[in-house]
Amino acid sequence: MEITTLTSTEARLWHAFPTGGLVDLRSGPDDGPDKATSWPRTRDVRAEVIAALLNGSGPDAGGGAGVKLAGVRVLGRLSLAHTQVPYALDFERCSFDDDLDLSEAETRSVRLRGCYLTGLEASRAEIRGEFQVEGCRLGRIGLYAARVFEIEISGTTITAPPPETPDPDVDWTPPRAAVYGDLLVVDTAMYCHDVVVDGQFRLPGARIGGYLHLDGARITHEEPNRPPTPALLAQGLRVDTGIFARRGNTRAKNRFTVIGGVDLSGATIKGGLMLPDANLVDDRGGTALRADHISVEGGVNLSGVTASGAVRLALARVVGPLTLSGARLGTLDASGARVEGAMVCNEGFTAHSLDLRRARTATFEDDAASWPVKLRLDGFVYDELMPLPAAGTRLPWLARDAYQPQPYERLAACYRAVGRDGESRRVLLAQQRRRREAAGVLAKVWGFLQDATVGYGYRPWLAGLWLLGLLAVGSVYFASHRPAPLGAGGPHFNAVAYTLDLLVPVVSLGQSGAWNPSGSGQVLAYALIISGWTLATTLFAGVTRILVRP
């Protein structure tokens, strides 16, 4: 493009370009783009003049050449699409009438600090340096399939344009995207400190070679009368050095807040996922955080998180701790999750329901005050449970779930592993009693007999007490009501031995066959024989259960 006439301001830029000199038209530190409507025309620079310089139509330039402007109003659309720009772009507190278009461009660093512009489009661009949008206000950033060395979008407000009226003839309309980073590749880090985004923040399939920082960010995406879509969409995201979404860097220390839900399904994160004190809101009653099938090395920190909707970590793999201390959640679904570290749900953790079916963790830490109303534990495996008080304190935890045998077996195994066999038997006894609740009438009767006589085999001493009691009753009765002899030559009658002979099946002391009770004595004798067989059968059943249990 050939530029024939230049204004005085454009001429200054033309001459400063070869050395990358700054053209600063600000009148003071408070003279920002919010006052651009009152700026004089002498602060205008046409977009085509900047494009001509960057496309090589300007004066010969050396290695330090570049456009460096401050306090300038850029007139028109600055389009560098499909071009190679070997120079840096640096704009500070400038106002743009239209978009900055870098679609499919190849360029060095692009820096915008404190600028106002309608949008910044850099889809499929290659930026071999820093892409900085700091303290700016704009409507949209497009980074679809772009490749950037480093990104900083801190302290910036991005407000996506209002949604278009839905087309009744179209089944689906795209969401109102504010940051469009699908398939973005960042060689080092992406910093988004204290950014305010009104619209969807998209990073599905993106790859970040270093950190992703979202400290203090606020992302809101609400579109009434449309199908709900997450405010932060990052399905399949890959991050090599961790995601950090903590309190912000400003004096207010704002919490990381997302209104509309977060979707990290299938993400791969090395270095940890850190969201302490985050505020995740989904007023539609959906999922506040979806992280199904996520793989994280370095742990997941959700301590102090407030989530108005569900938090999903189904089939997640976490190398390191999963910390939920003080988190306040609607529901937590961690079914099938694998945590190679501690899973911590204490210090004020609350959730209406917690699903840990088929999950596995090295250590599970909680406290009674943090137990949810609804709990699902079938298949949940933990190597260590903390705290591990008396079984009577732990059993109400299992009672919050519908009966399944595995949670009782797992808890009993924990007690056995630390040598507390008595507590282990108490848990297994409680298991049998809960199983009896759903049994049929005959099974319940048999269960009550086993419970009362031998405690399902876990309290065999009960059989001894019953035996001693029946022995005492029979001995006292038959001592005063001696049976008649069946014949001559029998053994001398002994009330204790006679009663014991009636009670103990199979073994014979020679007393029961030599004496013939009658009347009430005969009734008592039959009762003692039946009681003996019942005690023997229940004791055998209980001992067998103990020997064959896992």
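Right above here is the structure, for reference.
Right, let's walk through the structure included here. (Residues numbered from 1 in each chain as written. Predicted model: local features only at pLDDT ≥ 70, side-chain atom pairs only at ≥ 80, totals over all residues. Heavy atoms only, no water.)

With that out of the way, let us pick up a nonpolar patch on the surface. Together, Tyr526, Ile529 and Trp533 make up a nonpolar patch on the protein surface, roughly 330 Å² of accessible area in all. Residue placement: Tyr526 occurs in helix H9 (residues 520-548). (Patch = residues over 30% accessible without salt bridge, like charges linked within 9 Å, V, L, I, M, F, W, Y side chains within 5 Å. Areas by Shrake-Rupley, 256 points an atom, 1.4 Å probe, with all protein chains shown as cover. Salt bridge = Lys/Arg side-chain N within 4 Å of Asp/Glu carboxyl O. Helix = DSSP H or I, 4+ residues; strand = E, 2+ residues; numbered from the N terminus.)

Read across the open sheet, the 3 strands follow the order S2-S4-S8; overall the sheet is parallel. The open sheet has two free edges, formed respectively by strand S2 (44-46) and strand S8 (95-96), since each of these has just one partner strand. In terms of strand pairing, S2 meets strand S4 (residues 73-75) through 3 bridges, oriented parallel. Residue pairing for S4: Val45 is matched across the bridge by Val74. Where helix H2 (residues 47-54) meets the sheet, it contacts S2 and S4, and its direction lies at approximately 55° from that of S2. (Pairing = 2+ DSSP bridges. Contact = heavy atoms within 4.5 Å. Axes fitted to C-alpha atoms, helices over the stretch in contact; angles between N-to-C directions.)

Turning our eyes to something else, we now look at the packing of helix H1 (residues 8-16) against H2. It is the contact of H1 with H2, at a shortest axis distance of 11 Å, that shows an interaxial angle of 15°. The orientation of H1 with respect to H2, classified from their angle, is roughly parallel. Between H1 and H2 the crossing geometry is right-handed. Residues Glu10, Leu13 and Trp14 of H1 form the contact with H2, whose participating residues are Val49, Ile50 and Leu53. Partitioning the contact of H1 with H2 into residue classes produces 5 nonpolar, no polar and 1 charged. (Parallel < 35°, antiparallel > 145°, perpendicular 65-115°, else oblique. Left-handed = near helix turned anticlockwise from the far one by under 90°. Nonpolar A, V, L, I, M, F, W, Y, C, P; charged D, E, K, R; others polar.)

Of all 5 residues in strand S7 (residues 88-92), 4 are buried, a share of seventy percent or more. Note that strand S3 (residues 66-70) and S7 share 5 bridges and pair parallel. From the neighbouring strand, Lys68 faces S7, where its bridge partner is Asp90. Here 4 bridges tie S7 to strand S11 (residues 110-113), and the two strands are oriented parallel to one another. From the neighbouring strand, Leu89 faces S11, where its bridge partner is Val110. (Buried < 20%, exposed > 50% of the residue type's maximum accessible area, 1.4 Å probe, protein only.)

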